[in-house]
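Structural overview
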Amino acid sequence: MRLNDGHGQNVFVHFYHDRVHHLGGERRRTLATVHLGPCAKKERPCGTQDAVVGYAICNPIDPFIPILGRKIALARAFQRANLSVVQRIELWKSYWDATGVWKKDKETNKMVLIKTGIPERGLLGRTRKKKVA
Ligand SMILES: [Zn+2]
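Residues numbered from 1 in each chain as written. Predicted model: local features only at pLDDT ≥ 70, side-chain atom pairs only at ≥ 80, totals over all residues.

A few words on the overall build of the protein chain. Each helix and strand counted, the protein chain has 2 helices and 6 strands in total. Mapped in sequence order, the helices and strands of the protein chain form the string β-β-β-β-α-α-β-β. Buried positions account for 18% of the 133 residues belonging to the protein chain. Partitioning the contacts of the protein chain with sequence separation of at least 6, the portion at a separation of at least 24 is 42%. (Helix = DSSP H or I, 4+ residues; strand = E, 2+ residues; numbered from the N terminus. Buried ≥ 20, exposed ≤ 12 C-beta atoms within 10 Å, placed from the backbone. Contact = placed C-beta atoms within 7 Å.)

Have a look at this one:
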């Protein structure tokens, strides 16, 4: 996914879900890879040298919610990347714009962004089937 940091700079974000052994049990993990410039490889992980990785490990007592895992992992990657507050604000705007859905509010008749956290394309590059209303 390509996001804009508000300074005209493209930031690439990839997500990956797997399972890891953590504190004596198997846990669901979400990784967010963030880097500038083009990907080193087309494959995932893209192997870009200066990438910053943030991760979230799901507590076994909690249900695994991929959208939440991606949000936490991405927030941690942004923290580790030492981005400015302005860049983080713009990147989040760009993220919600890329993963949200615009809908018309019935009361105000204005378009509002619903933060779904679901990218249009699948996480592994598969195209998500669009639901026909
Ligand atoms: Zn990449």
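The rest of the description comes next.
Turning next to the pairing of strand S6 (residues 111-114). Here 4 bridges tie strand S5 (residues 101-104) to S6, and the two strands are oriented antiparallel to one another. Among the inter-strand pairings, Val 101 is bridged to a residue of S6, identified as Ile 114. In this structure, the hairpin formed by S5 and S6 is closed by a connection of 6 residues, where Asn 109 is found at a positive phi of approximately 65 degrees. (Pairing = 2+ DSSP bridges.)

Strand order in the open sheet formed by 4 strands is S1-S2-S3-S4, with antiparallel pairing between adjacent strands. A single partner strand is all that each edge strand has here, and the edge strands are strand S1 (2-4) and strand S4 (52-57). In this sheet, adjacent strand axes meet at a mean angle of 30 degrees when their direction is disregarded. The strands touched by helix H1 (residues 66-80) are strand S2 (10-22), strand S3 (25-36) and S4; relative to S4, the strand with the most contacts, the crossing angle is about 140 degrees. Along the sheet, helix H2 (residues 85-99) makes contact with S1 and S2, crossing S1 at roughly 135 degrees. (Axes fitted to C-alpha atoms, helices over the stretch in contact; angles between N-to-C directions.)

With that settled, consider the nonpolar core. Val 13, Ala 32, Val 34, Ala 73, Leu 74 and Ala 77 are the most contacted members of the largest nonpolar core, which has 14 residues in total. Of all the elements in the fold, those that place two or more residues in this core are S2, S3, H1 and H2. For this core, the element with the most residues is H1, which contributes 4 residues. (Core = buried A, V, L, I, M, F, W, Y, C linked by C-beta atoms within 7 Å.)

Before going further, it helps to examine the confidence of the model for the protein chain. Confidence in the prediction of the protein chain, expressed as mean pLDDT, is 85, and 89% of residues score 70 or more. In the predicted structure, residues 122-128 sits below a pLDDT of 50 and forms 7 contacts with residues beyond four places in sequence or in another chain. (pLDDT = per-residue confidence, 0-100.)

This part covers the pairing of S2. Strand direction decides the pairing type here: S1 and S2, joined by 3 bridges, are antiparallel. Along S2, the bridge assignment pairs Arg 2 with Phe 12. What sits between the antiparallel neighbours S1 and S2 is a turn of 5 residues, in which Gly 6 has the positive phi angle 90 degrees. Inspection of the sheet shows S2 paired to S3 by 12 bridges, in the antiparallel sense. Paired with Asp 18 across the strands is Arg 29, a residue of S3. Linking S2 back to S3 in an antiparallel pair, the connection comprises 2 residues, with Leu 23 at a positive phi of about 50 degrees.

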